[in-house]
Amino acid sequence: MAESTEVRNLVYLVTGGCGFLGEHVVRMLLQREPRLSELRVFDLHLGPWLEELKRGPVQVTAIQGDVTQAHEVAAAVAGAHVVIHAAGLVDVFGRASPETIHKVNVQGTKNVIEACVQTGTRFLVYTSSMEVVGPNIKGHPFYRGNEDTPYEAVHKHPYPCSKAQAERLVLEANGREVRGGLPLVTCALRPTGIYGEGHQIMRDFYHQGLRLGGRLFRAIPASVEHGRVYVGNVAWMHVLVARELERRAALVGGQVYFCYDKSPYKSYEDFNMEFLGPCGLRLLETRLLAPYWLLMLLATLNALLQWLLRPLLLYAPLLNPYTLAVANTTFTVSTDKAQRHFGYEPLFSWEDSRTRTIRWVQAMEGSAQ
Ligand SMILES: NC(=O)c1ccc[n+]([C@@H]2O[C@H](COP(=O)([O-])OP(=O)(O)OC[C@H]3O[C@@H](n4cnc5c(N)ncnc54)[C@H](O)[C@@H]3O)[C@@H](O)[C@H]2O)c1
Ligand SMILES: C[C@@H](CO)CCC[C@@H](C)[C@H]1CC[C@H]2[C@@H]3[C@H](O)C=C4C[C@@H](O)CC[C@]4(C)[C@H]3CC[C@]12C
């Protein structure tokens, strides 16, 4: 915990505070926000690790709740100065129905906004996603673009559609009068693909590799760049922008920021190998054996099987037409907007992010190390 002489008088609420990103935001706030007096952690499922945080100088209040329930959200928001809304249903594998994704991501966000307005909370940071921009359904590349780069953002999948709708609601709410008469100040952060300690998909790839005798098979050409960002830096950007929303309301309010760091531009699979390689996995070159049309056929078969088996069981493999298209389309960002507007610099270097992630994989149950 940070030692500080600053007065502790701020109440923060983190929705989705027990998720992959949410936990890092919660820990980062406790370490790096000296003015924090109370931290409310709101989630559908509370993590047992919260208990250990309750022993520090900041009051940590765990709230088990559902963002789709307006009254639960309003009760949690009341009296908070800042809300970081990171709760969301992250599903590109067909586990949840489109209706459920919409309800959690869009209705849940509406509830958070309305709760701020009704209770007088003025500062709202929304965790959006690069997916609100792309990759689009046409597979157009977005090569090291920034927040102003023109791109045809057309989506069909429920997850990016819901994130785009929710982001729009948050930005439109900027300037609304909250209880007490002052204006609401909002902004949205758009992380690229997040990695780091606690990343479930990295866990899945690692276990898949172990099951295949320490091998993974290349499906995506090495030339396709996929943007990735370390979870600690995403958390840091949330903490920084939340702090600056009041001081720089006119500049930051209503804005979107890509959330990025100095992680190298690589293909999704080559990037994963930065961590899985040192943990004993090898990536085998099979591009000639499995051309794109064959992968798309397999992905389509997976989607068909998912649909056929739905009445009996949930079949939700990593490969489906959507995930293949996302992994196979270059989408990377390069921007200094967050640096210019609120002084963001990554807190963790690439070397540090890599080492931390490798250590986490090595410590995983069933690890080859
Ligand atoms: N993982 C990524 O690569 C990535 C990239 C860009 C943006 N994001 C966004 O970041 C946010 C966090 O994602 P994550 O990767 O940590 O996912 P996650 O699933 O680990 O975390 C989401 C959290 O939200 C909670 N939640 C879900 N439904 C809820 C509900 N109805 N009420 C209350 N809490 C609920 C979950 O219990 C979970 O703890 C999401 O909004 C996601 O869209 C994630
Ligand atoms: C074709 C497979 C062979 O190895 C690889 C499939 C990989 C996919 C499962 C992932 C490739 C890109 C990922 C997405 C991306 O990093 C950004 C995202 C935005 C975020 O808001 C949610 C997660 C995700 C959609 C992420 C999901 C997993 C991939 C599609």
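Residues numbered from 1 in each chain as written. Chains lettered and ligands numbered in written order. Predicted model: local features only at pLDDT ≥ 70, side-chain atom pairs only at ≥ 80, totals over all residues. Heavy atoms only, no water.

1. Quick word on the site of ligand 2
Link 1 in the chain: The local shell around ligand 2 holds 20 residues, among which Ser129, Glu131, Tyr159, His226 and Glu269 are the closest.
Link 2 in the chain: At 2.7 Å from an oxygen atom of ligand 2 is found a side-chain nitrogen or oxygen belonging to Ser129.
Link 3 in the chain: Between Tyr159 and ligand 2, the recorded distance is 2.5 Å, taken from a side-chain N or O atom to an oxygen atom.
Link 4 in the chain: Summarising the interface, the protein chains cover 90% of the accessible area of ligand 2, which totals 630 Å² for the free molecule.
Link 5 in the chain: By residue number, the principal contributor to the shell around ligand 2 is helix H11 (residues 321-327), which donates four residues.
Link 6 in the chain: Within the shell around ligand 2, the residues separate by chemical class into 14 nonpolar, four polar and two charged. (Near = heavy atom within 4 Å. Polar contact = N/O pair within 3.5 Å; in protein donor to acceptor, adjacent residues only side chain to side chain. Areas by Shrake-Rupley, 256 points an atom, 1.4 Å probe, with all protein chains shown as cover. Helix = DSSP H or I, 4+ residues; strand = E, 2+ residues; numbered from the N terminus. Nonpolar A, V, L, I, M, F, W, Y, C, P; charged D, E, K, R; others polar.)

2. As for helix H5 (residues 158-172)
Link 1 in the chain: Taking 1.5 Å of rise per residue, 15 residues should cover 21 Å, and H5 covers 21 Å from first to last C-alpha, within 8% of that figure.
Link 2 in the chain: Along H5, the positions that sit buried rather than exposed are Tyr159, Pro160, Ser162, Lys163, Ala164, Ala166, Glu167 and Val170.
Link 3 in the chain: On its buried face, H5 sits against helix H4 (98-119), strand S5 (123-127), strand S7 (185-191), strand S11 (255-259) and H11. (Expected span 1.5 Å × (residues − 1). Buried < 20%, exposed > 50% of the residue type's maximum accessible area, 1.4 Å probe, protein only. Contact = heavy atoms within 4.5 Å.)

3. Examining the packing of helix H9 (residues 268-276) against helix H13 (residues 350-362)
Link 1 in the chain: Direction vectors running N to C along H9 and H13 enclose 70°, while the axes themselves pass 8 Å from each other. When the axes of H9 and H13 are compared, the pair comes out roughly perpendicular. Only Trp350, Arg354, Thr357, Ile358 and Val361 of H13 make contact with H9, whose side of the interface consists of Phe271, Glu274, Phe275 and Leu276.
Link 2 in the chain: Taken together, the residues of the contact of H9 with H13 break down into six nonpolar, one polar and two charged. (Axes fitted to C-alpha atoms, helices over the stretch in contact; angles between N-to-C directions. Parallel < 35°, antiparallel > 145°, perpendicular 65-115°, else oblique.)

4. Topic: the layout of surface pockets
Link 1 in the chain: In this structure, the second largest pocket encloses a volume near 230 Å³.
Link 2 in the chain: If you go around the second largest pocket, you meet 17 residues; those closest to its centre are Tyr260, Asp261, Lys262, Tyr265 and Val333.
Link 3 in the chain: Residue composition of the lining of the second largest pocket, grouped by class: six nonpolar, seven polar and four charged. (1 Å grid on protein atoms, 1.4 Å probe; cavity = no way out; pocket = protein on both sides within 12 Å on 5 of 7 lines; lining within 4 Å. Points joined across faces, edges and corners; volume = space filled by probe spheres on them.)

5. Points about the packing of aromatic side chains
Link 1 in the chain: A complete count under the given rule lists 15 aromatic pairs for this structure.
Link 2 in the chain: Here Phe271 and Trp350 contribute two aromatic rings whose centre-to-centre distance is 5.5 Å and whose plane-to-plane angle is 40°, an arrangement assigned as tilted. Residue Phe271 is located in helix H9, and its partner Trp350 is located in helix H13; the two are separated by 79 residues in the primary sequence.
Link 3 in the chain: Judged by relative accessible area, which is 14%, Trp350 ranks as buried.
Link 4 in the chain: Through pairs of rings, three or more aromatic residues link up here, namely Tyr195, Tyr230, Phe271, Phe275, Phe348 and Trp350.
Link 5 in the chain: The aromatic ring of Trp236 is capped on one face by Arg32, whose charged end is 5.8 Å from the ring centroid.
Link 6 in the chain: Above the face of the Tyr257 ring, Lys337 is positioned so that its terminal group lies 5.0 Å from the ring centre. (Phe/Tyr/Trp six-rings, centres within 6.5 Å; stacked < 30°, edge-to-face > 60°. Lys NZ or Arg CZ within 6 Å of the ring centre and 35° of its normal.)

6. Re the site of ligand 1
Link 1 in the chain: The environment of ligand 1 is formed by 25 residues, the closest being Leu21, Asp43, Asp66, Tyr159 and Lys163.
Link 2 in the chain: The separation between an oxygen atom of ligand 1 and a polar main-chain atom of Leu21 is 2.8 Å.
Link 3 in the chain: In this structure, Val67 approaches ligand 1 through a main-chain N or O atom, which is 2.9 Å from a nitrogen atom.
Link 4 in the chain: For ligand 1, whose accessible area on its own is 810 Å², the fraction buried by protein is 85%.
Link 5 in the chain: When contributions to the shell around ligand 1 are tallied by element, the ones reaching two or more residues are helix H1 (20-32), H5 and strand S8 (193-195).
Link 6 in the chain: Split by residue class, the shell around ligand 1 holds twelve nonpolar, ten polar and three charged.

7. Considerations on the pattern of salt bridges
Link 1 in the chain: Scanning the model with the defined rule gives 18 salt bridges in all.
Link 2 in the chain: A salt bridge links Arg35 to Glu33; the shortest N-O distance between them is 3.5 Å.
Link 3 in the chain: Residue Glu33 is classed as buried on the basis of its relative accessible area, which comes to 2%.
Link 4 in the chain: Among the ionic pairs, Glu225 bridges to Arg144, the shortest N-O distance being 2.5 Å. A residue pair is termed long-range when its members are at least 10 positions apart, and Glu225 in the loop between strand S9 (215-217) and strand S10 (228-230) and Arg144 in strand S6 (residues 142-145) qualify at 81 residues.
Link 5 in the chain: Connected via shared salt-bridge partners are Glu23, Arg27 and Glu52. (Salt bridge = Lys/Arg side-chain N within 4 Å of Asp/Glu carboxyl O.)

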